[in-house]
Amino acid sequence: MNPVLPHGPRKLKVATVSLAGCFGCHMSLLDIDERLLTLLERIEFDRSPLTDIKEIGHCDIGLVEGGLCNAENVMVLREFRAHCKTLVAVGACAITGGLPAQRNHLDLGVMLTNVYGSRHGLAAGSAIPSDPELPLPLNKVHPIHEVVHVDYFLPGCPPSADAFWAFLNDLMAGRTPHLGHGLIHYD
Ligand code: SF4
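Anyway, here's the lowdown on the structure attached to this text. (Residues numbered from 1 in each chain as written. Predicted model: local features only at pLDDT ≥ 70, side-chain atom pairs only at ≥ 80, totals over all residues. Heavy atoms only, no water.)

### Things to note about the site of the ligand
Thought 1: Neighbouring the ligand are the residues Gly 21, Cys 22, Gly 24, Cys 25, Glu 65, Gly 91, Ala 92, Cys 93, Gly 156, Cys 157 and Pro 158.
Thought 2: Put simply, the parts of the chain that give the shell around the ligand at least two residues each are helix H1 (24–30) and helix H4 (91–96).
Thought 3: Sorting elements by how many residues they give to the shell around the ligand places H4 first, with three residues.
Thought 4: Grouping the constituent residues of the shell around the ligand by class yields six nonpolar, four polar and one charged. (Near = heavy atom within 4 Å. Helix = DSSP H or I, 4+ residues; strand = E, 2+ residues; numbered from the N terminus. Nonpolar A, V, L, I, M, F, W, Y, C, P; charged D, E, K, R; others polar.)

Put into structure tokens, the structure is as follows:
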């Protein structure tokens, strides 16, 4: 059953976030082009890279791009789950960890040392950043369903604009999303 409340005059509230993502899924959402104007008649954006809202409010739909690579990702994801009636894993990174999960084959400490401490061209004295303001990286990159319940998965790297459009229209109409032929892909 679709957990989004489909009826009523009010606009649906939609939050979006990029965790360990590349913002490519957000770019693909924006690729619906002039259909954005139609979309904005039906929804309003809450916390999102597209708005200046810092704290997520109560939302109907949360679109999560990116997997989990650090402690802040986990905290933000839990906030999204707590505030969104319907939570969607958008794109390969959120669904499987995606290409960033390639680092799961490597040792985190060795990687950080290589990048920040011993890479050719670094200034003398360079070291792994340790400011407490920085979120600690996780040993492995995780898909979001390993931490919270996910209602729907929208595959692709990124999902196409047409896939976003069909998916969101189904959700807005109170239907269980069903992507037709040609809209489901994983690359
Ligand atoms: S799924 Fe692809 S486009 Fe989306 S955040 Fe991951 S790498 Fe970027």
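The discussion continues.
### As for unusual backbone geometry
Thought 1: Of the consecutive residues Cys 157 and Pro 158, the connecting peptide bond is found in the cis state with omega at 0°.
Thought 2: As for its position among the elements, Pro 158 is in the loop between strand E7 (152–154) and helix H6 (161–172).
Thought 3: For Asp 33, which is not glycine, the phi dihedral falls at a positive 55°.
Thought 4: With respect to the helices and strands, the residue Asp 33 is situated in the loop between H1 and helix H2 (35–42).

### Looking at the packing of aromatic side chains
Thought 1: For the coordinates displayed, the defined rule picks out one aromatic pair.
Thought 2: Between Tyr 152 and Phe 167, the aromatic rings sit 6.1 Å apart at their centres with planes inclined by 85°, giving edge-to-face as the arrangement. Residue Tyr 152 is located in strand E7, and its partner Phe 167 is located in helix H6; the two are separated by 15 residues in the primary sequence.
Thought 3: You can call Tyr 152 buried: its relative accessible area is 12%.
Thought 4: For Phe 167, a relative accessible area of 3% puts it in the buried group. (Phe/Tyr/Trp six-rings, centres within 6.5 Å; stacked < 30°, edge-to-face > 60°. Buried < 20%, exposed > 50% of the residue type's maximum accessible area, 1.4 Å probe, protein only.)

### Things to note about the pairing of strand E5 (residues 84–90)
Thought 1: Burial analysis of E5 places six of its seven residues in the buried class, which makes it a mostly covered element.
Thought 2: Summarising the sheet, strand E3 (residues 59–65) and E5 pair through six bridges and their orientation is parallel. Residue Val 64 lies in a different strand from E5, and its bridge partner there is Ala 89.
Thought 3: As paired elements, E5 and E7 share three bridges and run parallel to each other. (Pairing = 2+ DSSP bridges.)

### Regarding the state of the cysteines
Thought 1: Taken as a whole and judged by the stated rule, the model has zero disulfides.
Thought 2: Take Cys 59: it sits in no disulfide, and the sulfur closest to it among the cysteines is that of Cys 84, at 4.8 Å.
Thought 3: The buried category is assigned to Cys 59, whose relative accessible area is 3%.
Thought 4: The class of Cys 84 is buried, set by a relative accessible area of 4%. (Disulfide = S-S within 2.5 Å.)

### Some details on the layout of surface pockets
Thought 1: Roughly 420 Å³ of volume is contained in the largest pocket.
Thought 2: Lining the largest pocket are 17 residues; nearest its centre among them are Leu 112, Tyr 116, Pro 129, Pro 135 and Pro 137.
Thought 3: Elements supplying a minimum of two residues to the lining of the largest pocket: strand E4 (68–70) and helix H5 (108–117).
Thought 4: Sort the elements by how many residues they give to the lining of the largest pocket and H5 lands first, with five residues. (1 Å grid on protein atoms, 1.4 Å probe; cavity = no way out; pocket = protein on both sides within 12 Å on 5 of 7 lines; lining within 4 Å. Points joined across faces, edges and corners; volume = space filled by probe spheres on them.)

### Description of the sheet that holds E5
Thought 1: Taken in spatial order, the five strands of this open sheet run E2-E1-E3-E5-E7, and their pairing is parallel. At either end of the open sheet lies a strand with only one pairing partner, and these are strand E2 (43–45) and E7. For this sheet, the mean inter-axis angle between neighbouring strands, taken without regard to orientation, is 30°.
Thought 2: Packed onto the sheet, H2 meets strand E1 (12–18) and E2 and runs at close to 95° relative to E2.
Thought 3: Its contacts with the sheet place helix H3 (residues 71–83) against E1, E3 and E5, and it is angled at close to 135° to E5. (Axes fitted to C-alpha atoms, helices over the stretch in contact; angles between N-to-C directions. Contact = heavy atoms within 4.5 Å.)

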